[in-house]
Amino acid sequence: GHVSPNGQAMTWDDCFVMTGLSEPQLRDAGVHEGAAMVPIRAGRGPVLLGDPGDPLLAAWTFDDRMGVVTLLRLLEEIKRQQIVPAWPLTVAFTIHEEGGCFGAMGLAHREKPAAFIAIDGCPVTAESALKLDGRPGMWVKDAKACYSHALILALSRAAEAAGVGLQRAVYNAASSDASAVYASGGAPLVAFIGHVRENSHGMEVARLSVFDNLLRILVEFAQTWPGPGVQPF
């Protein structure tokens, strides 16, 4: 998580790495200031737990990997079902979301999309009241933007048509690729939808069924939303 033992926001003073090696040994191993570090494979998961009939899935940082997986699965379904999207659709995998959303903003300002939708995780927080019950989550507002009402309604109707429940969340401090794109003038309409997850930025946990449910919504949405030039509501 992002809270230190005293309940305050974590700083670098709260963090340390134990290697058991001397500075010369670390240099010989290629470890230096700014070197990338990842958890060992044995500790990353995924691990199924809980009720076998409706299990939870735990793994080291679904964020942002499961958004990527969902988009790849969406492309598979579009190809398998020979779906023709109801509007011009670009699926993109952008970089550096955690460090400032620069990939998403660069893409949006280059392509000038009429709408931009981020597919990512919805962390369970005290302010969000989200639950790990298999329903995906949709952001309504965050620190940078109020999300577009037309897209919120369209995604909600797609969820209803797909037979999937959908949760809504408001975040006071968080932001996303979509809200960064909106705040920078990259797209007039933005939305955010994704899996609901617990224990943000650690050994994250989600209901396994949420990933299939999210995919069902996106497949339905791709076929039904007529685009921002049409007034369907």
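Residue positions are given per chain, counting from 1 as you read along its sequence in written order. Side-chain atom pairs in this predicted model are given and counted only at pLDDT of 80 or more, local residue features only at pLDDT of at least 70, and totals for whole chains, interfaces and linings cover all residues. Remark: hydrogens and water are excluded; side-chain values derive from all non-hydrogen atoms of the structure.

(A) View of the overall build of the protein. Helix and strand definitions here come from DSSP, where helices need a minimum of 4 consecutive H or I residues and strands a minimum of 2 consecutive E residues; each element is numbered from the N-terminal end. A count of helical and extended segments in the protein gives 6 helices and 9 strands. Computed over C-alpha atoms, the radius of gyration of the protein comes to 19 Å, within 12% of the 17 Å expected from 2.2 N^0.38 for 233 residues, which places it in the range of a compact globule. Dimensions of the protein, computed from the C-alpha atoms along their principal axes, are close to 65 × 45 × 35 Å. Each residue's exposure class comes from its accessible area (1.4 Å probe, protein chains only) as a fraction of the maximum for that residue type: buried when under 20%, exposed when over 50%, partly exposed otherwise. Taking all 233 residues of the protein together, the buried fraction comes to 39%. Here, two residues are considered to be in contact whenever any of their heavy atoms come within 4.5 Å of each other. Partitioning the intrachain contacts of the protein with sequence separation of at least 6 by distance along the chain shows that 75% fall at a separation of at least 24. Counting rule applied: Lys, Arg positive; Asp, Glu negative; His and chain ends not counted. To locate a charge, the coordinates of NZ of Lys, CZ of Arg, CG of Asp or CD of Glu are taken. When the 18 basic and 24 acidic side-chain charges of the protein are each reduced to a single mean position, those positions are 6 Å apart. When we talk radius of gyration, it's over C-alpha atoms, and the globule rule is simply 2.2 Å times the number of residues to the 0.38.

(B) Inspection of the side chain of Glu-97 at higher detail. Within the fold, Glu-97 resides in the loop between α2 (65-80) and α3 (102-111). Among buried Asp, Glu, Lys and Arg side chains, Glu-97 stands out as unpaired, with Arg-197 the closest opposite charge at 7.1 Å. Aside from chain neighbours lying at most four places away, what touches Glu-97 is Asp-64, Asp-120, Ser-175, Ser-176 and Asp-177. Here a salt bridge means any side-chain nitrogen of Lys or Arg lying within 4 Å of a carboxyl oxygen belonging to Asp or Glu.

(C) Focus on the sheet that holds strand β5 (residues 137-141). At least two bridges found by DSSP between two strands are what make those strands a pair. Ordered in space as β3-β7-β5-β6, the 4 strands form an open sheet in which the pairing is mixed. In this open sheet, the two edge strands, each paired with only one partner strand, are β3 (115-119) and β6 (167-170). The sheet shows a mean angle of 30° between the axes of neighbouring strands, taken without regard to direction. Note: β5 against strand β7 (residues 189-194), 2 bridges, orientation antiparallel. Paired with Met-138 across the strands is Ile-193, a residue of β7. Only the contacting stretch of a helix is used when fitting its axis, a line to C-alpha atoms as for every element, and angles between N-to-C directions run 0 to 180 degrees.

(D) Local environment of the sheet that holds strand β9 (residues 203-207). Taken in spatial order, the 3 strands line up as β1-β2-β9 in an open sheet, and their pairing is antiparallel. If you trace the sheet from one side to the other, it starts and ends with β1 (47-49) and β9, each paired once. Ignoring which end each strand starts from, the neighbouring axes of this sheet average 30° apart. Relative to strand β2 (residues 56-60), β1 runs antiparallel, the two sharing 3 bridges. Its bridge partner lying in β2, Leu-49 is registered against Leu-56.

(E) Structural detail: the pattern of salt bridges. The final tally for this structure, using the stated rule, is 6 salt bridges. Close ionic contact of Arg-197 with Glu-204 constitutes a salt bridge, the shortest N to O distance being 3.2 Å. Residue Arg-197 is classed as buried on the basis of its relative accessible area of 3%. Within this structure, Asp-63, Arg-197 and Glu-204 form a network of salt bridges that share partners.

(F) Highlighting the pairing of β5. As defined by bridge partners, β5 adjoins β6 across 4 bridges and the pair is classed as parallel. Within β6, the residue paired with Lys-141 across the bridge is Val-170. Orient the strands so they point away from the viewer, and a crossover whose first-strand-to-second-strand path over the helix runs clockwise is right-handed. Remark: the β5/helix α4 (residues 149-162)/β6 crossover connection has right-handed handedness.

(G) Broad picture of the packing of α2 against helix α6 (residues 209-224). Axis separation between α2 and α6 bottoms out at 10 Å; the angle between their running directions is 50°. In terms of their interaxial angle, α2 and α6 are classed as oblique. Handedness of the crossing formed by α2 with α6: right-handed. Side by side, α2 and α6 meet where Met-66, Thr-70, Arg-73, Leu-74 and Glu-77 of the first sit next to Phe-211, Asp-212, Leu-214, Leu-215, Leu-218 and Val-219 of the second. Gly counts as polar in this scheme, as do all residues outside two lists: the nonpolar Ala, Val, Leu, Ile, Met, Phe, Trp, Tyr, Cys and Pro, and the charged Asp, Glu, Lys and Arg. Taken together, the residues of the contact of α2 with α6 break down into 7 nonpolar, 1 polar and 3 charged. Roughly parallel means an angle under 35 degrees; roughly antiparallel means over 145; roughly perpendicular covers 65 to 115; every other angle is labelled oblique. The sense of a crossing depends on the near helix, which, turned anticlockwise from the far helix by less than a right angle, makes the crossing left-handed and, turned clockwise, makes it right-handed.

(H) Summary view of the packing of aromatic side chains. Between rings of Phe, Tyr and Trp, where Trp is taken as its six-membered ring, a pair exists when centres lie within 6.5 Å; planes separated by under 30 degrees are stacked, by over 60 edge-to-face, and by other angles tilted. The tally for this structure, following the rule as stated, stands at 7 aromatic pairs. Ring geometry for Trp-87 versus Phe-221: centroids 5.3 Å apart, planes at 75°, classification edge-to-face. With Trp-87 in the loop between α2 and α3 and Phe-221 in helix α6, the pair connects residues that are 134 residues apart, well separated along the chain. As far as burial versus exposure is concerned, Trp-87 and Phe-221 are alike and both buried. Centre to centre, the rings of Trp-139 and Tyr-147 are 6.4 Å apart; their planes meet at 90°, and the pair counts as edge-to-face. There is no split in this pair, since Trp-139 and Tyr-147 are both buried.

Keep in mind these values describe shape, not function.
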